[in-house]
Amino acid sequence: MTLVTDVRLRRVLDSRGNPTVEAEVTTESGGFGRAAAPSGASTGEYEAIERPAEEAIAKARELAVPRLEGQVYAGDQRGVDAALRAADGTENFSEIGANSAVAISMAAAKAASDVLGAPLYQHLGGAFRGDEYPTPLGNVVGGGEHAADATDIQEFLAAPVGAPSVTEAVFANAAVHGAVHDVLAERDLPAGKGDEGAWAPSVSDAEAFAIVAEAIDRAEDEVGFEIRMGLDVAASEMWDAESGVYEYSDTTRTSEEQVDYVAGLVDDHDLVYVEDPLEEDDFEGFADLTDRVGDRTLVCGDDLFVTNVERLQRGIDEGAGNSILVKPNQIGTLSDAFDAVELARDNGYDAVISHRSGETEDTTIAHLAVATAAPFIKTGAVGGERTAKLNELIRIEENA
Ligand SMILES: C=C(OP(=O)(O)O)C(=O)O
Ligand SMILES: [Mg+2]
């Protein structure tokens, strides 16, 4: 019933206005799934390869589509993903592009859930999923690679840990985002928005902490539950390998100084989540920081682990981090992403599901977060391509 009969690929726009790959998978019994690849700006060096959309589509049509149509069952996700890997023939999807691979992988999952008549999270996670929801991490102020002339730290995140439901949490993050706007206006600080919809004022990181703390206080008064703060430092983007220091606008820090600095931030701002506090090769620095603050905050590897089980295993062996960011397009298939989630969970690491800075209206990651009972999902706070996922979480919670 779920034999794949048709795979179509096309270019569509992502939220930055760049072309990305959209895939459609149809099955023998008429099941249909459509999905689109996201795209990073602050990409990790060890990620699977994204090819220009047109090239990725041409290569996938030539090499992958013949191995899928009439050959694999959409309900057999591992079979679909193995066919994609075999068609590509490289470790990192550099032939067909991880963008083609992930779009097809996700579209096949949707086609299978369509045939089953079950929501995607249930097809992916099983009958006993759907009763645990992630806390959304809402990007409210940011800079780094996502906005020019703004903060050094890439993302200041609101984490509504006290929310009674995912729906309340989604609205709480929007309230913080709105309150940041008010605080900026009161301080006469003009600000546009970065790639993920976060405010991108031209302020120091210290000032951004004060602005976000004030906005969170106001939003907490409004919603009546606890909202904490998190960060994506995206430290690889600040790392200067030649001089061996992190370059901030106003200073430089060695690896040891960076560990001290971030440990101080965790305590000063009661951070619940810190992503990529060190650069992507500094397993040792991650381990030091995890030793110091891992009992009270998530130390999450994004560029460090790139959703890759080999890199995650190294982190587990060395005590680097206590959490992994899971981005399906970093590794190329849903099967690989699930393997990363399972390895994490088996070793006491939390798996946090994430969007990319370049997104589409695709909602797969909302279902992935519910399917894996992820503690957090990072998918922005506002903006159509972000609210597509947030609104899907609201619908999932309501069983709508
Ligand atoms: C979402 C992120 O940004 P990008 O997609 O640009 O890697 C991130 O770094 O976590
Ligand atoms: Mg990151």
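As annotated in an unreviewed UniProt entry, the protein chain carries the name Enolase and is attributed to Salinirubellus salinus. Note on the protein chain: under the UniProt heading Catalytic activity (unreviewed entry), the record states "(2R)-2-phosphoglycerate = phosphoenolpyruvate + H2O".

1. Digging into the nonpolar core
In this structure, Ile104, Val140, Val176 and Val212 are the most contacted members of the largest nonpolar core, which totals 131 residues. By residue number, the principal contributor to this core is helix α3 (residues 98-116), which donates 12 residues. No fewer than three residues from each of domain 1 (4-117) and domain 2 (135-398) sit in this core. Dropping the residues within four chain positions of it, Ile104 is found in contact with Val7, Ala23, Val25, Ala60, Ala64 and Leu84.

2. Section: the pairing of strand β14 (residues 323-326)
Working note: regular strand, side chains alternate between the two faces of the sheet. Alternating positions in β14 separate into two faces, Ser323 and Leu325 on one and Ile324 and Val326 on the other, with burial throughout. One ladder, built from 2 bridges, connects strand β13 (residues 298-301) with β14; its direction is parallel. Counterpart to Gly301 in the pairing with β14 is Ile324. Following the backbone out of β13, through helix α9 (residues 309-318) and into the adjacent parallel β14, one traces a crossover that is right-handed. Relative to strand β15 (residues 350-354), β14 runs parallel, the two sharing 4 bridges.

3. Quick word on unusual backbone geometry
The residue Asp276 is not glycine, and still its phi comes out positive at about 40 degrees. Within the secondary structure layout, Asp276 lies in the loop between β12 (271-275) and α8 (283-293). For Asn399, which is not glycine, the phi dihedral falls at a positive 60 degrees. Under the C-beta neighbour-count criterion, Asn399 is labelled exposed, with 7 such atoms within 10 Å.

4. Focus: the packing of helix α1 (residues 53-68) against α3
Two numbers describe how α1 lies on α3: the axes approach to 8 Å, and their chain directions differ by 60 degrees. Note that α1 runs across α3; the crossing there is right-handed. Between α1, through Ala53, Ala56, Ile57, Lys59, Ala60 and Ala64, and α3, the contact on the second element is made entirely by Asn99, Ser100 and Ile104. Classifying every residue of the contact of α1 with α3 gives 6 nonpolar, 2 polar and 1 charged.

5. A look at the site of ligand 1
In the region of ligand 1, the neighbouring residues are Gly40, Ala41, Ser42, Thr43, Asp232, Ala234, Asp302, Ser354, His355, Arg356 and Ser357. Both domains that meet at the shell around ligand 1, namely domain 1 (4-117) and domain 2 (135-398), each give it at least three residues.

6. Side note on the sheet that holds strand β1 (residues 4-13)
Pairing within the open sheet is antiparallel, and its 3 strands lie in the order β1-β2-β3. Two strands in the sheet have a free side with no partner beyond their single neighbour: β1 and β3 (32-36). Here the strands of the sheet are splayed against their neighbours by 15 degrees on average, with no regard to which way each runs. The pairing of β1 with strand β2 (residues 19-27) spans 9 bridges and is classified as antiparallel. Across the sheet, the residue bridging to Val7 is Val25, located in β2. Seen against the sheet, α1 touches β1 and β2 and runs at an angle of roughly 175 degrees to β1.

Rules used throughout
Numbering of residues starts from 1 in each chain and follows the order in which that chain's sequence is written. Here chains are named by letter from A upward and ligands by number from 1 upward, in the order in which they appear as written. It should be noted that, the model being predicted, local features are given only for residues of pLDDT at least 70 and side-chain atom pairs only at 80 or more, the latter also being counted only at that level, while totals for whole chains, interfaces and linings use all residues. UniProt positions are given in the numbering used here, feature names are shortened, and annotations may be inferred rather than shown by experiment. Put simply, a nonpolar core is a cluster of buried Ala, Val, Leu, Ile, Met, Phe, Trp, Tyr and Cys residues tied together by C-beta atoms within 7 Å. In this scheme the burial state of a residue depends on its C-beta neighbours within 10 Å: 20 or more other such atoms mean buried, 12 or fewer mean exposed, and anything in between means partly exposed; the C-beta positions come from the backbone. In this description a helix means any DSSP run of H or I spanning at least four residues, a strand means any run of E spanning at least two, and both kinds are numbered starting from the N terminus. The split of the chain into domains comes from an automatic or database domain assignment. Residue pairs are scored as contacts if the distance between their C-beta atoms, which are placed from the backbone, is within 7 Å. Following DSSP output, two strands are said to pair if at least two bridges run between them. If you view a crossover with the strands going away from you and the path from the first strand over the helix to the second runs clockwise, you call it right-handed. Simply put, an axis is a line fit to the C-alpha atoms, just over the touching stretch for a helix, and the angle between two N-to-C directions goes from 0 to 180 degrees. The hand of a helix crossing depends on one turn: near helix anticlockwise from the far one by less than a right angle means left-handed, and clockwise means right-handed. Each residue gets one of three labels, nonpolar for Ala, Val, Leu, Ile, Met, Phe, Trp, Tyr, Cys and Pro, charged for Asp, Glu, Lys and Arg, and polar for the others, Gly among them. The criterion for a residue being near a molecule or strand is simple: its C-beta atom, placed using the backbone, must lie within 6 Å of it.

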